Amino acid sequence: MSSASDASMARHARELDVATAAVRAAGEVVLALYGRAAVSEKPDGSVVTEADHASDAVIRAALSSAFPGDALLTEEGTDDAARLARDRCWIVDPIDGTAQFVARTGDFDVFIALVVHGAPAVALSYQPTTGLLMSAVAGSGAWIERPGEERRPLRLSPGGGRPVIATKGWLGAPDNLPRLQRAAARLGSAHVVEATRSLCARALLPGEGSVDAIAGVPAGRRLGAWEWDIAAVDLIIREAGGAATDLAGDPLRYNRPTPRLDEGLLISRSPVLHEQLLSTLAREP
């Protein structure tokens, strides 16, 4: 690790430790309610459960106690515009994949990210049903840890064979499929799928998922991609050697007045594939 990486790690060591404990504690609460949590419907038609709220409360308490001066933006909390005046904002998804939680597929995670001046600085993704923990610190790398194993560096490698580009309803599907398919055709061998599984950092892991890129492409309507869906995934994938940008190739920015990524996004396990997709998408409006 370089001296710059050492400095970044040291600067955010406490944040990483506190967030790691918080995400694990939230995962325990989620598992305790797995299969028996009360379910209700939000105004937008999506589901929410008492496990979402319980996870939110655990994380909120931990972060607010350790870092009382930081702002907090969570999917289940009330958005406070005062966060826009803060340099540091924690962005949290108490359960990413609530529908999967309700269906008891195990395909859901808890996300925590610390954003500093609009850029992710610390990120964690935890899958309660398997104990799979991924974490990252900007400029210092990413790590993966499974139950019974030591934490080790996480490095992504290009997938073999035909690249798979995945999208989903909240990322613009099915309206965006024609554009994505035209872009894939320009690459020759790429394949576009409308995913049924969760599209998160796990989907890009070798041996875990079968996806090479996650594409959020607007097509006549705005995306359903919120900052809490993407911030942790963004940093983990980039620090593991992948790429994450908007469709213009610019870094994704967070803690915005409206915390949505309406302009589109692309997250890839390979920077080479990422640049190829950006180029082909630009030629397929």
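Residues numbered from 1 in each chain as written. Predicted model: local features only at pLDDT ≥ 70, side-chain atom pairs only at ≥ 80, totals over all residues. Heavy atoms only, no water.

## Brief notes about the pairing of strand 5 (residues 109-116)
Among the 8 residues in strand 5, 7 count as buried, and that is most of the element. In terms of strand pairing, strand 4 (residues 88-96) meets strand 5 through 7 bridges, oriented antiparallel. Across the sheet, Trp90 pairs through a bridge with Leu114, a residue of strand 5. With antiparallel pairing between neighbouring strands as the criterion, strand 5 and strand 6 (residues 119-127) make up a hairpin whose turn holds 2 residues, including His117 at a positive phi of roughly 50°. (Buried < 20%, exposed > 50% of the residue type's maximum accessible area, 1.4 Å probe, protein only. Helix = DSSP H or I, 4+ residues; strand = E, 2+ residues; numbered from the N terminus. Pairing = 2+ DSSP bridges.)

## What to know about the side chain of Thr245
Relative to the elements of secondary structure, Thr245 occurs in strand 13 (residues 243-245). In this view, Thr245 contacts Asp250, Leu252, Leu265, Leu266, His274 and Leu278; residues no more than four positions away in its chain are not counted. (Contact = heavy atoms within 4.5 Å.)

## Some points on the sheet that holds strand 6
If you trace the 7 strands from one edge of the open sheet to the other, you get 3-4-5-6-7-8-9, paired in mixed fashion. Each having just a single partner strand, strand 3 (71-74) and strand 9 (152-153) make up the two edges of the open sheet. Where strand 5 and strand 6 come together, 7 bridges link them in antiparallel fashion. Counterpart to Val116 in the pairing with strand 6 is Ala119.

## Quick word on the side chain of His274
Among the secondary structure elements, His274 is positioned in helix 7 (residues 271-282). Take His274: its relative accessible area is 1%, and that puts it in the buried class. Here His274 is in contact with Ala243, Ala244, Thr245, Leu266, Ile267 and Ser268, once residues within four sequence places are set aside.

## With respect to the packing of aromatic side chains
Taken as a whole and assessed by the stated rule, the structure comprises 5 aromatic pairs. Look at Tyr34 and Phe101: their rings are 5.3 Å apart centre to centre, the planes differ by 35°, and that puts the pair in the tilted class. Placement of the pair is Tyr34 in the loop between helix 2 (13-32) and strand 1 (39-41) and Phe101 in helix 4 (residues 98-103), with a sequence separation of 67 residues. In this structure Tyr34 comes out as buried when scored by relative accessible area, which is 17%. Taken together, a centroid distance of 5.4 Å and an interplanar angle of 65° make the contact between Tyr34 and Phe108 edge-to-face. Of this pair, Tyr34 sits in the loop between helix 2 and strand 1 while Phe108 sits in the loop between helix 4 and strand 5; the two residues are 74 residues apart in sequence, bridging distant segments of the chain. The burial state of Tyr34 is the same as that of Phe108; both residues are buried. An aromatic cluster of at least three residues, connected via ring pairs, comprises Tyr34, Phe101 and Phe108. For Arg104, the ring lying beneath its charged end belongs to Tyr34, and the centroid distance is 4.9 Å. Here the basic side chain of Arg151 rests over the ring of Trp143, its NZ or CZ set 4.5 Å away from the ring centre. (Phe/Tyr/Trp six-rings, centres within 6.5 Å; stacked < 30°, edge-to-face > 60°. Lys NZ or Arg CZ within 6 Å of the ring centre and 35° of its normal.)

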